[in-house]
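# Close look at the chain arrangement
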Number of protein chains: 2
Amino acid sequence: MPRGEGKFLIKQRAFLKLYMIRFVEEHKMYGMQAMDELKASFKPFGYEPNHSEIYRSLHELIDDGILMRQKKVQEGAKYKEIVIYQFADYEKAKLYKKQVKTDLDRSMSLLRKALEDVY
Amino acid sequence: MPRGEGKFLIKQRAFLKLYMIRFVEEHKMYGMQAMDELKASFKPFGYEPNHSEIYRSLHELIDDGILMRQKKVQEGAKYKEIVIYQFADYEKAKLYKKQVKTDLDRSMSLLRKALEDVY
DNA sequence: GGATGAACAGCTTGTTCATGG
DNA sequence: CCATGAACAAGCTGTTCATCC
């Protein structure tokens, strides 16, 4: 998806998809919980993803053929239903991670260059 | 302008405004020339800003009270007219640079954290 | 009532068109 | 022609509304 020509920094969507893959690798997360963890983790950096972007990231990974829904589970409390994911194609997941790494490195270079050029 | 809450990476607009300020400090650029220099400079990083974003950045700096138009100049060839800028308020410019630096550092931290977390 | 998902709205950016010398 | 600028369109993200158990 990183199409390489003319684009600026990596998009939030790709950034979150990366973390969603990581969470599924650790098979311990569902959407809201992932969001809470990310919010807590990134709050010191002034970034707090919202629930819509989390879900859009998960859905897009399904469309990409990388994830699939595993099941809906009742958990503890009476009215609570969650969605669990597993890999539909782990090779694709690894490939995607590799692509995103390239884009992360590229983005870091852009920012670093600006800091060097201007300050 | 960095409002700090919930936001992801620095925006292209702010990034370019920073470079526009730098070009005016070096008092040697007009819009298209700035664009060409940036395109050449960032092409190895897969980023090539387009002319609209350049002009929007310059205009926004005027709206911010940081730059002002200096003059229109005929340069060399018969049908070529360019716009030159100077600072309207250099203290504001320095303040803006400081704010953008904060946002650049913050953005770097986000990316670095992702690279550490996932790879 | 907590989780998921869709609909809607706003902002940011890219593409195309217009003007002027 | 070339630089500038505006208009228009597309894309991405945030906010709000709906549903389900």
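These numbers come from a predicted model, not from an experiment.

Here the focus is the interface of chain A and chain B. Of the residues lining the interface, 37 residues belong to chain A; the matching set on chain B comes to 37 residues. Summing the contributions of chain A and of chain B, the shared interface buries around 3500 Å²; its carbon and sulfur component is 73%. In terms of surface lost to chain B, no three residues of chain A exceed Phe-8, Phe-45 and Tyr-119 of chain A, which account for 19% of the buried area on that side. Applying the counting rule to chain A against chain B returns zero salt bridges.

Here we come to the protein's contact with DNA strand C. Around DNA strand C, a shell composed of 25 residues is seen, among which Tyr-55, Arg-69 and Tyr-79 of chain A together with Ser-52 and Gln-74 of chain B lie nearest. Each atom of DNA strand C within 4 Å of the protein belongs either to a base or to sugar and phosphate, the latter forming 62%. Residue His-51 of chain A places a side-chain N or O atom 2.9 Å away from a base oxygen belonging to DNA strand C. Side-chain polar atom of Ser-52 of chain B to a base oxygen of DNA strand C: 2.6 Å apart, as the coordinates give it. If you list the elements that add at least two residues to the surface near DNA strand C, you get helix H2 (31-42), helix H3 (51-63) and strand S2 (81-87) of chain A together with helix H1 (12-25) and helix H3 (51-63) of chain B. Here the surface near DNA strand C takes five residues from H3 of chain A, the largest share from any one element.

As a further point, take the relation of the copies chain A and chain B. In the superposition of chain A on chain B (RMSD 0.0 Å, axial shift 0.0 Å), the rotation amounts to 180°. The relationship between the two copies is best expressed as a two-fold rotation axis. Residues of chain A ranked by C-alpha distance from the rotation axis are headed by Met-108 of chain A, positioned 3.1 Å from it. With an isologous cut-off of 70% or more, the 100% of interface residues of chain A that recur at the interface of chain B puts this contact in the isologous class.

Okay, the protein's contact with DNA strand D next. Near DNA strand D you find 25 residues, and of these Ser-52, Arg-56 and Gln-74 of chain A together with Tyr-55 and Arg-69 of chain B are the closest. Each atom of DNA strand D within 4 Å of the protein belongs either to a base or to sugar and phosphate, the latter forming 69%. Take Met-32 of chain B: an N or O atom from its main chain is 2.8 Å from a phosphate oxygen of DNA strand D. When contributions to the surface near DNA strand D are tallied by element, the ones reaching two or more residues are helix H1 (12-25) and H3 of chain A together with helix H2 (31-42), H3 and strand S2 (81-87) of chain B. Class assignment for the residues of the surface near DNA strand D results in eight nonpolar, ten polar and seven charged.

Here we come to H1 of chain A. The end-to-end C-alpha distance of H1 of chain A is 20 Å, a good match for the 20 Å that 14 residues give at a rise of 1.5 Å each. In terms of burial, H1 of chain A is largely enclosed, as eleven of its 14 residues are buried. Buried residues of H1 of chain A: Ala-14, Phe-15, Leu-16, Lys-17, Leu-18, Tyr-19, Met-20, Ile-21, Arg-22, Phe-23 and Val-24 of chain A, and no others. In the core, the buried residues of H1 of chain A are packed alongside H2, H3, strand S1 (67-74), S2 and helix H4 (90-118) of chain A together with helix H4 (90-118) of chain B. Positive phi appears at His-27 of chain A, one or two residues downstream of H1 of chain A, with a value of about 30°.

All right, on to the packing of H1 of chain B against H2 of chain B then. The geometry of a pair of packed helices is captured by two quantities: the angle between their axes and the separation between those axes. All names here are of chain B. Closest axis-to-axis distance for the H1/H2 pair is 11 Å, and the angle between their directions is 115°. Pair H1 / H2 crosses with right-handed handedness. Along the contact surface, H1 presents Phe-15, Leu-16, Tyr-19, Met-20 and Phe-23, while H2 presents Ala-34, Glu-37, Leu-38 and Phe-42. Here the residues of the contact of H1 with H2 are counted per class, giving eight nonpolar, no polar and one charged.

Thresholds, definitions, all that
- Residues numbered from 1 in each chain as written.
- Chains lettered and ligands numbered in written order.
- Predicted model: local features only at pLDDT ≥ 70, side-chain atom pairs only at ≥ 80, totals over all residues.
- Heavy atoms only, no water.
- Contact = heavy atoms within 4.5 Å.
- Buried area = accessible area lost by both parts, 1.4 Å probe.
- Salt bridge = Lys/Arg side-chain N within 4 Å of Asp/Glu carboxyl O.
- Near = heavy atom within 4 Å.
- Polar contact = N/O pair within 3.5 Å; in protein donor to acceptor, adjacent residues only side chain to side chain.
- Helix = DSSP H or I, 4+ residues; strand = E, 2+ residues; numbered from the N terminus.
- Least-squares fit on C-alpha atoms with pLDDT ≥ 70 in both.
- Nonpolar A, V, L, I, M, F, W, Y, C, P; charged D, E, K, R; others polar.
- Expected span 1.5 Å × (residues − 1).
- Buried < 20%, exposed > 50% of the residue type's maximum accessible area, 1.4 Å probe, protein only.
- Axes fitted to C-alpha atoms, helices over the stretch in contact; angles between N-to-C directions.
- Left-handed = near helix turned anticlockwise from the far one by under 90°.

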